[in-house]
Amino acid sequence: MSSTGLAYKFTRAGGRSPFTGFEWPFGDWVDVQGEIGLCASGIHACRVEALPRWVDDELWRIELDGIALEHEGLLVARRGRLVARVEEWNAETSRELARSCAAQVTALVETSEDELLRRRAEMIPAIADGPDPSATALAMYTTAHALDDVTPGTYWIERRRQAEWLRERLGLDDA
């Protein structure tokens, strides 16, 4: 595994980590001491294919050093620094992505009598156009599960579609 590289990191507004509340200093290296562990310790970042599971307010390009682990596109490193904000990711782009998810479920509803699917098809557009653009993660998750409920095995197909949407719409490079 390469010990250095560029990846992506979603944060809350102001570069704040969604789990720890850590406020990332732009451009400065952040180092982690001790053992590195998935979802436990270390600098966590994503390849494009993992981004749909971590959508939040801001998207950053992050430089990693000392990459120790990779799991399903999630990278864990000893150190990292935010190098550039992906300005194309904003509240409106977030809503566009949620609307693309709503369209997936709406198209499926036209060929189904499933009442739960119909309720989801009503809920997802409401999420997309609701007061909180950060609710896009919920729209994405709900869409993937709705499609999988109708056609088992399509959860990851939808997550890949979402990753490709992000890659194309935001002009992201493979990380």
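Residues numbered from 1 in each chain as written. Predicted model: local features only at pLDDT ≥ 70, side-chain atom pairs only at ≥ 80, totals over all residues. Heavy atoms only, no water.

**Points about the environment of Gly171**
Stage number 1. By secondary structure assignment, the location of Gly171 is in the segment after α4 (155-170).
Stage number 2. For Gly171, a relative accessible area of 44% gives the class partly exposed.
Stage number 3. Sequence separation between Gly171 and Pro18 is 153 residues; the distance between their C-alpha atoms is 24 Å.
Stage number 4. Dropping the residues within four chain positions of it, Gly171 is found in contact with Arg61 and Leu166. (Helix = DSSP H or I, 4+ residues; strand = E, 2+ residues; numbered from the N terminus. Buried < 20%, exposed > 50% of the residue type's maximum accessible area, 1.4 Å probe, protein only. Contact = heavy atoms within 4.5 Å.)

**Some details on helix α1 (residues 91-109)**
Stage number 1. In a regular helix each residue adds 1.5 Å, so 19 residues correspond to 27 Å; α1 covers 27 Å between its end C-alpha atoms and thus fits that length.
Stage number 2. For α1, every residue scored as buried is listed here: Thr93, Ser94, Arg95, Leu97, Ala98, Ser100, Cys101, Ala102, Val105, Leu108 and Val109.
Stage number 3. Where α1 is buried, its residues touch α2 (115-128), α3 (136-150) and α4.
Stage number 4. Two to three positions downstream of the cap, the backbone nitrogen of Glu92 sits 3.0 Å from a side-chain oxygen, assigning the N-cap of α1 to Asn90. (Expected span 1.5 Å × (residues − 1). Polar contact = N/O pair within 3.5 Å; in protein donor to acceptor, adjacent residues only side chain to side chain.)

**A short note on the side chain of Gln162**
Stage number 1. One can find Gln162 in helix α4.
Stage number 2. By relative accessible area, Gln162 is classed as buried at 0%.
Stage number 3. Non-local contacts of Gln162, meaning those with residues more than four positions away in its chain, are made with Pro52, Cys101, Met140 and Thr143.

**With respect to the side chain of Glu58**
Stage number 1. Tracing the backbone shows Glu58 in strand β4 (residues 58-71).
Stage number 2. A distance of 2.9 Å separates the side chain of Glu58 from the backbone nitrogen of Gly14, its partner in a polar contact.

**Looking at unusual backbone geometry**
Stage number 1. Phi at Glu72 takes a positive value of approximately 50°, unusual for a residue other than glycine.
Stage number 2. With respect to the secondary-structure elements, Glu72 resides in the loop between β4 and β5 (74-85).

**A look at the pattern of salt bridges**
Here the idea is simple: oppositely charged side chains can pair when their charged atoms come close.
Stage number 1. Summed over all chains, the structure comprises 11 salt bridges.
Stage number 2. Residues Arg79 and Asp65 are paired through a salt bridge, measuring 3.5 Å at the closest nitrogen-oxygen approach. Pair noted here: Arg79 is in strand β5 and Asp65 is in strand β4, with a separation of 14 residues, a long-range link.
Stage number 3. Residue Arg79 is classed as partly exposed on the basis of its relative accessible area of 23%.
Stage number 4. With relative accessibility at 25%, the residue Asp65 sits in the partly exposed group. (Salt bridge = Lys/Arg side-chain N within 4 Å of Asp/Glu carboxyl O.)

**A short note on the nonpolar core**
Stage number 1. Counting residues in each nonpolar core, the largest one holds 32 residues, and the members touching the most others are Leu51, Leu59, Trp89, Leu166 and Leu172.
Stage number 2. Breaking this core down by element, the ones donating at least two residues are β1 (4-11), α1, α2, α3 and α4.
Stage number 3. If one sorts the elements of this core by residue count, α1 sits on top with 7 residues.
Stage number 4. Ignoring sequence-local partners within four residues, the contact set of Leu166 consists of Leu51, Pro52, Trp89, Leu97, Gly171 and Leu172.
Stage number 5. Core analysis: the second largest hydrophobic core is formed by 15 residues, Trp24, Ala45, Trp60 and Leu64 among them. (Core = buried A, V, L, I, M, F, W, Y, C linked by side-chain atoms within 4.5 Å.)

**Focus: the pairing of β5**
Stage number 1. Judged from the 2 bridges that link them, strand β2 (residues 30-31) and β5 form a sheet pairing that is antiparallel. Bridge pairing links Asp31 to Arg79 in β5.
Stage number 2. By the bridge criterion, 4 bridges tie strand β3 (residues 43-46) to β5 in an arrangement that is antiparallel. In the strand pairing of β5, Ala45 is matched with Leu75.
Stage number 3. Across 10 bridges, β4 lies against β5 in antiparallel orientation. Opposite Glu63, over in β5, you have Arg81 as the bridge partner.
Stage number 4. Taking the residues that link successive antiparallel strands as the turn, the β4-β5 hairpin has 2 residues, and the phi of Glu72 there is positive, at about 50°. (Pairing = 2+ DSSP bridges.)

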